[in-house]
Amino acid sequence: MANENIAVVVAHPDDEVLAFGGVMGRHVARSDNVHLLIMATGLAARTGDNSVDAGSLEKLRGDARAAAKVLGVGNVTFGDFPDNRMDSVALLDVVKRIEQFLDQAAATTLYTHHVGDMNIDHTVIARAALTACRPLPGAKIRRIYSGEVLSSSEYALPEHRFLPTTYVDIEAFLERKCTAMKCYRSEIRNTPHPRSVDSIVALARLRGSEAGLKAAEGLRLLREIER
Ligand SMILES: [Zn+2]
């Protein structure tokens, strides 16, 4: 069987590591082609206009490329959408950008955000991604999963909390996931912040314990089409 084309579409630089660091590592180890799209800049706009500081943007993108490299992912695309303001963009524009990316990647599996997350960019992208993956005749995407992002998914409203349907063994990739997260010098925090190495390991152990594994990433299967 040919190697699979995998798409990961997230809002902010670091979301991809927090939600799918282990999953991506596994796909790379299987020689699948992992294509990563980070939609928003990850930086607050400067007051007065919608631009972000060019130096900070380049630094954060460098961190994102370094984190991807740790996980073996060479293909990183940046979407340039406004950070924490994606609800100010027409949903159709977000959908079109994701469609274009999925087409170019010829992806058959998509990993993206949980629609219930507290962060508005996560919610917009989850909705847009589902729209971009409408199961029309000839559509390539066969599986869509959402994942959980520490410091966003656990802050959701009680009725919107992330409940995994699928557990992926990441024991062999947990250390690499933590190393990748440390590449994000401006995002990693000290314990007990949820974006700390301790919390990343704790969540992986917890999700693992729910499935008889030493460490896992939890996913929600949103759609699967068997042909
Ligand atoms: Zn995020």
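Our subject in this report is the structure included herewith. Along each chain, the written sequence defines residue order, and numbers are assigned to residues from 1. Local features are withheld for residues below a pLDDT of 70 in this predicted model, meaning they are given only at 70 or higher, and side-chain atom pairs are given and counted only at 80 or more; totals for whole chains, interfaces and linings count all residues. For the side-chain quantities, the full set of heavy atoms in the structure was used; hydrogens and water were omitted.

A word on the packing of aromatic side chains
Move 1: Pairing of aromatic rings covers Phe, Tyr and the six-membered ring of Trp, with a centre-to-centre limit of 6.5 Å; geometry is then stacked below 30 degrees between planes, edge-to-face above 60, and tilted otherwise. By the definition in use, this model includes two aromatic pairs.
Move 2: Between the aromatic rings of Phe20 and Tyr111, the centroid separation amounts to 5.4 Å while the plane-to-plane angle is 50 degrees, which identifies the pairing as tilted. Pair noted here: Phe20 is in helix H1 (residues 15-29) and Tyr111 is in strand S4 (residues 109-113), with a separation of 91 residues, a long-range link.
Move 3: Only protein chains enter the accessibility calculation, which uses a 1.4 Å probe; a residue whose area is less than 20% of its type maximum is buried, one above 50% is exposed, and one in between is partly exposed. Given a relative accessible area of 1%, Phe20 falls into the buried group.
Move 4: Pairing Tyr111 with Tyr145 gives two aromatic rings, centres 5.4 Å apart and planes at 15 degrees, and the pair type is stacked. With Tyr111 in strand S4 and Tyr145 in strand S5 (residues 143-147), the pair connects residues that are 34 residues apart, well separated along the chain.
Move 5: Assessed through its relative accessible area of 12%, Tyr145 is described here as buried.
Move 6: Aromatic ring contacts, followed pair by pair, group Phe20, Tyr111 and Tyr145 into a single cluster. Going along the chain from the N terminus, every DSSP run of H or I of four or more residues is numbered as a helix, and every run of E of two or more is numbered as a strand.

Digging into the coordination of the zinc ion
Move 1: Water is absent from the atoms considered, so a metal site may look incomplete; donors are defined as N, O and S atoms within 2.8 Å of the metal, or 3.2 Å for Na, K and Ca. In this structure, His12 (ND1), Asp15 (OD), Asp15 (OD) and His122 (NE2) serve as the protein donors to the zinc ion, at separations of 2.0 to 2.4 Å.
Move 2: Geometry at the zinc ion is irregular, judged from the four donor atoms that bind it and their angles of 57 to 133 degrees at the metal.
Move 3: The sequence pattern formed by the donor residues of the zinc ion is H-x2-D-x106-H. Remark: His122 occurs in helix H4 (residues 120-132) and His12 occurs in the loop between strand S1 (5-10) and H1; sequence separation between them is 110 residues.
Move 4: In this structure His12 comes out as buried when scored by relative accessible area, which is 9%. The geometry test gives tetrahedral to four donors whose angles all lie between 85 and 135 degrees, gives square planar to four donors and octahedral to six donors whose opposite members are over 155 degrees apart with all other angles between 65 and 115, and gives irregular to the rest.

Considerations on the packing of H1 against helix H5 (residues 174-182)
Move 1: Comment: axis = line fitted to C-alpha atoms, over the contacting stretch for helices; angle = value between 0 and 180 degrees taken between N-to-C directions. Contact geometry of H1 with H5 gives a least axis separation of 9 Å together with a crossing angle of 150 degrees. By the angle between their axes, H1 is roughly antiparallel relative to H5. Between H1 and H5 the crossing geometry is right-handed. For the pair H1 and H5, the contacting residues are Val17, Leu18, Gly21 and Gly22 in the first and Lys177, Ala180 and Met181 in the second.
Move 2: Class assignment of the residues belonging to the contact of H1 with H5 gives a composition of four nonpolar, two polar and one charged. In these notes the angle categories are as follows: under 35 degrees is roughly parallel, over 145 is roughly antiparallel, 65 to 115 is roughly perpendicular, and the rest is oblique. Left-handed describes a crossing whose near helix is turned anticlockwise from the far helix through less than a right angle; right-handed describes the clockwise counterpart. Any two residues whose heavy atoms approach within 4.5 Å are treated as being in contact. Three categories are distinguished: nonpolar for Ala, Val, Leu, Ile, Met, Phe, Trp, Tyr, Cys and Pro, charged for Asp, Glu, Lys and Arg, and polar for the others, with Gly belonging to the last.

Observations regarding the pairing of strand S7 (residues 216-224)
Note on strand geometry: in a regular strand, side chains alternate between the two faces of the sheet.
Move 1: The pairing of S5 with S7 spans five bridges and is classified as antiparallel. Residue pairing across strands places Ser146 opposite Arg220, the latter belonging to S7.
Move 2: Note that strand S6 (residues 166-169) and S7 share four bridges and pair antiparallel. Its bridge partner lying in S7, Asp169 is registered against Ala216. Whether two strands pair depends on DSSP finding at least two bridges between them.

Distances and angles like these do not, on their own, reveal function.
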